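# Observations on the model geometry
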Amino acid sequence: IVLPVNFVVCQLFALLTALWFRLYLHPSKASPFIRHVVATLLGFYLALFCFGWYALHFLVQSGLTYSIMVFAGLEHMHKLCFIVALGYLSFCQITRVYVFDYGMYSADFTGPMMVITQKITSLAFEIHDGETCMCVPMPSLLEYLSYNCNFMGILAGPTCSYNDYTAFIEGTAYQPRHLEANGTENGKHKHTEPSPKNNVISKLCTCAISLAVFLSVSKIFPVERSIDDKFMASTPFILQVLYLYLSMLATRPKYYFIWTLSDAINNAAGFGFNGYNKDGTPRWDLISNLRILDIEFATSFKMFLDNWNIQTALWLKRVCYERCPINPTAATFLLSAMWHGVYPGYYLTFLTGIGMTMAARTLRHNIKPYFLGSTTHKSVYDVITWAGTQVAICYTVVPFVLLAVGPSLKFYRSWYYCIHIACLLLVLALPVKPWHLRAKEEQPQENSLQGGLTGDHNSHSITDNNCNQKHKAT
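This is a predicted model, so every value here is computed, not measured. (Residues numbered from 1 in each chain as written. Predicted model: local features only at pLDDT ≥ 70, side-chain atom pairs only at ≥ 80, totals over all residues. Heavy atoms only, no water.)

## Regarding the packing of aromatic side chains
- A full pass over the atoms with the stated rule returns 38 aromatic pairs.
- With a centroid separation of 6.0 Å and an interplanar angle of 50°, the aromatic rings of Tyr147 and Tyr165 are classed as tilted. Pair noted here: Tyr147 is in helix α6 (residues 141–149) and Tyr165 is in helix α7 (residues 162–170), with a separation of 18 residues, a long-range link. In this structure, Tyr147 and Tyr165 share a single accessibility class: buried.
- Where Tyr395 meets Phe411, the ring centres are 5.9 Å apart and the plane angle is 50°; that geometry is what we call tilted. Note that Tyr395 is positioned in helix α16 (residues 375–402) and Phe411 in helix α17 (residues 405–414), a separation of 16 residues in sequence. (Phe/Tyr/Trp six-rings, centres within 6.5 Å; stacked < 30°, edge-to-face > 60°. Helix = DSSP H or I, 4+ residues; strand = E, 2+ residues; numbered from the N terminus. Buried < 20%, exposed > 50% of the residue type's maximum accessible area, 1.4 Å probe, protein only.)

Written as structure tokens, this is what we have:
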């Protein structure tokens, strides 16, 4: 696994450009039109530098779906955009993998298309869901291209709400959040525009540490060694489990580096402000894609997923989980597999993830109440569930890293499919309420539960979910 040099160079260039963009093309100095034009042109420049003429696929995908938005009726526009955007992405992924360079972890052009697909479908659903109150207007072609292909997110995202992006371009992103109660000091509301400097520096330090760890440790603990015949024959099983954990632990800093750098770029441009902490310090986590400590110390499968690739999880929730009438968990995992690509390992991972999620949910609902009687019991529960979560995640994600069917099944055979079998037995043996009844009970607590998982200082602003909820089932 490598980090292509041109990707890193372009992201560093984007970081410097973002600083210039915030200072010299600030909304007080430049019109939204100028900011849209510059953000779009710089995005296409970076795309051409990294991917050459393959970057034209970004325009084709955006052009096809924009035509659907303009000419199709609101009733079916979101569904057509979803089918065309995901279908075109899948076509490009198939040709890249099976025609060109199977197994290569290069900076391929389908990576940015994955984020563009998220943005296209998110906007289409926002427009459809908001057709009554008009909270998301139909964008112009320039606004649409700027949203999809701006230089801040063209290479690594993350995706974001169209309303949040236009508020950033127009300079209104700070105004509503200045009125929040936790943005006061001495009883007076802040009126100065918060600076992202400290947050950007902190995230760049995280990037540096993540990159150093990845480059130094990933070669010491390659995942492929887990299926080496000599290693499996000579190593006790408990040490194989420990090695698997260390190898996956060494793989994650690559993603920490990529997503944190992308977040820092957006913040440096002035995008990502999300109100204030209780102590009055500004929060810049509106489009953050991960929370590292919550990932590494997750005590449940759900907690891990909720803090990993956050914006993709929110996208899956908005376009699939909240709308699917039958078994939304399975549908969401399958959509995630399709979106990631066509390597068989992806499908093995997400199919395993369905069973893991159902088993973890069943086990939690039946076992956790017995450990809530005292602090000691709760601590014991947390330690056990942390270890179990880490093993389950590693076991699930191995095919995602190995990609191919043969090596993935060889790994599962070496474990005698023990966790697959355990998940099946748990789901069959322990009772759990049907998902639709559980959803009704948990709905009033949804916001508080999400806040509890993300920490007191994180409360994502999902503007596209606040408009017209009656269309969620369409």
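Still to come is the rest of the account.
## Some points on the confidence of the model for the protein chain
- Scored by pLDDT, the protein chain comes out at a mean of 87, with 85% of its residues at no less than 70.
- Predicted confidence for residues 181–190 stays below pLDDT 50, and this span has 20 contacts to residues more than four positions away or in other chains. (pLDDT = per-residue confidence, 0-100. Contact = heavy atoms within 4.5 Å.)

## What about the packing of helix α15 (residues 344–367) against α17?
- Contact geometry for α15 and α17: axes closest at 8 Å, N-to-C directions at 35°. Crossing handedness for the pair α15 and α17: right-handed. Contacts between α15 and α17 involve Pro344, Leu348 and Thr352 from the former and Val405, Ser408, Leu409 and Tyr412 from the latter. (Axes fitted to C-alpha atoms, helices over the stretch in contact; angles between N-to-C directions. Left-handed = near helix turned anticlockwise from the far one by under 90°.)

## A closer look at the pattern of salt bridges
- Within the structure shown, the criterion is met by nine salt bridges.
- The shortest N-O distance in the salt bridge between Asp108 and Arg96 comes to 3.2 Å. In this pair, Asp108 sits in the loop between α4 (74–100) and α5 (110–129) while Arg96 sits in helix α4, placing the two residues 12 residues apart along the sequence.
- What makes Asp108 buried here is its relative accessible area of 17%.
- One salt bridge connects Arg291 with Asp294, and the closest N-O pair in it is separated by 3.9 Å. (Salt bridge = Lys/Arg side-chain N within 4 Å of Asp/Glu carboxyl O.)

## Observations concerning the nonpolar core
- Grouped together as the largest cluster of nonpolar side chains are 111 residues, with contacts concentrated most on Phe58, Phe151 and Tyr165.
- When residues in this core are grouped by element, the largest group, 13 residues, is from helix α10 (residues 237–268). (Core = buried A, V, L, I, M, F, W, Y, C linked by side-chain atoms within 4.5 Å.)

## Brief notes about the UniProt feature "transmembrane region" (unreviewed entry) in the protein chain
- Taking the UniProt record as the reference, the feature "transmembrane region" (unreviewed entry) is found at residues 6–25, 37–56, 76–99, 345–363, 383–402 and 414–432.
- Across residues 76–99, the secondary structure splits into 100% helix and 0% strand, with the terminal C-alpha atoms separated by 34 Å.
- Between the first and last C-alpha atoms of residues 345–363 the distance is 26 Å; the span itself is 100% helix and 0% strand. (UniProt positions renumbered as here; feature names shortened; annotations may be inferred.)

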